[in-house]
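If you want the building blocks of each chain, they are given just below.
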Amino acid sequence: MKQILSVVLLLAMGWFLVGLVPLGQPTEPGRVAQHYIDNGIDENRGANLVTSVIVNYRGFDTLGEVTVLFLSVAGAGFVLRRRDGLVRHEHRPSSEILQTGARMLFAPIVVFGAYIFVHGHLSPGGGFQGGAVIASAVMLLLLADRSHHLPHGLMHWLESMAGFGYVMAGVAGLVVAGSFLSNQGVLPLGTWNRLFSAGIIPIIYILVGLKVGTELSSLLDVMIDTGRPARQEGGRS
Amino acid sequence: MMYLDLLVCLVLVLSGVAAMNTRNLVSAAVMVGVVSLLVSYLFLRMGAPDVAMTEASIGAGLSTIIFLIAIRRTEEEER
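Residues numbered from 1 in each chain as written. Chains lettered and ligands numbered in written order. Predicted model: local features only at pLDDT ≥ 70, side-chain atom pairs only at ≥ 80, totals over all residues.

Q: Please provide a residue-by-residue account of the overall build of chain B, values included.
A: Counting its regular elements, chain B contains three helices and zero strands. Along chain B, helices (α) and strands (β) appear in the sequence α-α-α when read from the amino end. Taken along the three principal axes of its C-alpha coordinates, chain B extends 50 × 25 × 10 Å. The proportion of buried residues among the 79 residues of chain B is 20%. Considering only residue pairs separated by 6 or more positions, chain B has 43% of its internal contacts joining residues 24 or more positions apart. (Helix = DSSP H or I, 4+ residues; strand = E, 2+ residues; numbered from the N terminus. Buried ≥ 20, exposed ≤ 12 C-beta atoms within 10 Å, placed from the backbone. Contact = placed C-beta atoms within 7 Å.)

Below, the structure is given as structure tokens:
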């Protein structure tokens, strides 16, 4: 009975989904999307229209996303924090191949991540993707050498400065152009498809990249390094 | 290209089903990572390279690793 009910429910949901979007047919952009397509290049001079939408037109939304990421990482760090009386794991040293490979690959991967978020307004990618790539480099380093520790003071300082800078870029738009996160008149827009173009968009994406990279790296550090409770006599763990 | 896309879709569905049915948690996590990787290929084919990069780096890379770390951690605690 339950199985029949779930099959009927699934079929009904599938029928609604089929009605939602005709398969294989691109839908016409709405009026707002049409405005972005027609005027996005002129208004922002960013070669990557997706970045223009994410960082400028929907910049406030992105600020909220960054805040959500910060809150979730802070919550995970609170739950998994290192308590007193925990025994550190006694690690088996990782293999020679992993250690040498991590040492060789760490710098190129970090540079690649920085390239992704610095060129976010020109090519696909941006702060979130670049930050994730940097965090994967840090993860490789942590897996190769468990005794390695991230400089937490520096990480927290970078992260809070990046968030502060994002809000300050928005306030600069508020002061100069009269609307929060506006891109008009804060910085010169420059020439289309150059590295120094698109006003405050690359600056904001660099800040987002630093913030995402440091947040995910410290989350991985906390997760890898949390000790297990000491086996106490009272049996509490 | 069309047949390659269909093949990718087929493997995607199969690895999703395998992730649900396997009893081994580690291979289930790896299967979920495979699903993310194939989905990122499909995003690329449909002209969304930004989304494809996010899916490949976060879905296939970081979250798989976080699953693996969590699985190992919980097994250690239960022993």
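Q: An account of helix α1 (residues 2–20) of chain A is needed here, citing residue identities and associated values.
A: With 19 residues, α1(A) should cover 27 Å at 1.5 Å per step; its first-to-last C-alpha distance of 27 Å lies within 8% of that length. Taken across its 19 residues, α1(A) has zero buried, putting it largely on the surface. (Expected span 1.5 Å × (residues − 1).)

Q: Mind laying out the packing of helix α7 (residues 152–177) of chain A against helix α8 (residues 201–225) of chain A, listing which residues take part and the relevant values?
A: All names here are of chain A. Contact geometry of α7 with α8 gives a least axis separation of 9 Å together with a crossing angle of 150 degrees. As judged from the angle between their axes, α7 and α8 are roughly antiparallel. Considering the relative orientation of α7 and α8, their crossing is left-handed. In contact with His152, Met155, Leu158, Glu159, Ala162, Gly163, Gly165, Tyr166 and Ala169 of α7, α8 contributes Ile203, Ile204, Leu207, Val208, Leu210, Lys211, Thr214, Glu215, Ser217 and Ser218. A class-by-class count of the residues in the contact of α7 with α8 yields 10 nonpolar, six polar and three charged. (Axes fitted to C-alpha atoms, helices over the stretch in contact; angles between N-to-C directions. Parallel < 35°, antiparallel > 145°, perpendicular 65-115°, else oblique. Left-handed = near helix turned anticlockwise from the far one by under 90°. Nonpolar A, V, L, I, M, F, W, Y, C, P; charged D, E, K, R; others polar.)

Q: Can you break down the interface of chain A and chain B residue by residue, with the values?
A: Facing the 14 residues of chain A at the interface are 13 residues of chain B. With seven residues, the top contributor of residues to the side of chain A that touches chain B is helix α6 (residues 127–144) of chain A. The class makeup of the residues in the side of chain A that touches chain B is 10 nonpolar, three polar and one charged.

Q: Describe the nonpolar core, with residues and values.
A: By size, the foremost hydrophobic cluster in this structure holds 37 residues, and its most contacted members are Ala132(A), Ala135(A), Val138(A), Tyr166(A), Ile204(A), Val208(A) and Leu220(A). Those elements giving two or more residues to this core turn out to be α3 (49–57), α4 (59–79), α5 (96–118), α6, α7 and α8 of chain A together with α3 (49–78) of chain B. Considering every element that reaches this core, the biggest residue donor is α6(A), with 11 residues. Those residues in contact with Leu220(A) that sit more than four places away from it in its chain are Ala135(A), Val138(A), Met139(A) and Leu142(A). Membership of the second largest hydrophobic core comes to six residues, among which are Ala29(B), Met31(B), Leu38(B) and Val39(B). (Core = buried A, V, L, I, M, F, W, Y, C linked by C-beta atoms within 7 Å.)

Q: Please set out the packing of α5(A) against α6(A) residue by residue, giving values where relevant.
A: All names here are of chain A. Across the interface, α5 lies against α6 with an axial gap of 8 Å and an inter-helix angle of 170 degrees. Relative to α6, the element α5 is oriented roughly antiparallel. Pair α5 / α6 crosses with left-handed handedness. For the pair α5 and α6, the contacting residues are Leu98, Gln99, Ala102, Leu105, Phe106, Ile109, Val110, Phe112, Gly113, Ala114, Ile116 and Phe117 in the first and Gly127, Gln129, Gly130, Gly131, Val133, Ile134, Ser136, Ala137, Leu140, Leu141, Leu143 and Ala144 in the second. In terms of residue class, the contact of α5 with α6 is made up of 17 nonpolar, seven polar and no charged.

Q: Can you lay out unusual backbone geometry for me, pointing to particular residues and giving the numbers?
A: Generally, phi is negative for residues other than glycine and the peptide bonds are trans, each holding for most cases. Here the phi dihedral of Leu181(A) falls at roughly 65 degrees; this positive angle occurs in a residue that is not glycine. Here Leu181(A) lies in the loop between α7 and α8.

Q: Please provide a residue-by-residue account of helix α2 (residues 25–45) of chain B, values included.
A: Residue and element names in this part refer to chain B. The end-to-end C-alpha distance of α2 is 31 Å, a good match for the 30 Å that 21 residues give at a rise of 1.5 Å each. Within the sequence span of α2, burial applies to Ala29, Met31, Val32, Gly33, Val35, Ser36, Leu38, Val39 and Ser40. The positive-phi residue at the C-terminal boundary of α2 is Gly47, with phi of around 80 degrees.

Q: Before we move on, could you go through the confidence of the model for chain A and cite the residues and values that matter?
A: Considering every residue of chain A, the mean pLDDT works out to 82; 89% of them sit at 70 or more. A low-confidence stretch, residues 230–237 of chain A stays under pLDDT 50, and its non-local contacts, those more than four residues away or across chains, total four contacts. (pLDDT = per-residue confidence, 0-100.)

Q: Can you tell me about the environment of Pro49(B), naming the residues and giving the values?
A: Its place among the elements puts Pro49(B) in helix α3. By C-beta crowding, Pro49(B) is classed as partly exposed, having 17 other C-beta atoms within 10 Å. Spatially, the C-alpha atoms of Pro49(B) and Leu62(B) are 18 Å apart, while their sequence positions differ by 13 residues. Filtering out sequence-adjacent residues up to four positions away, Pro49(B) remains in contact with Pro124(A) and Leu44(B).

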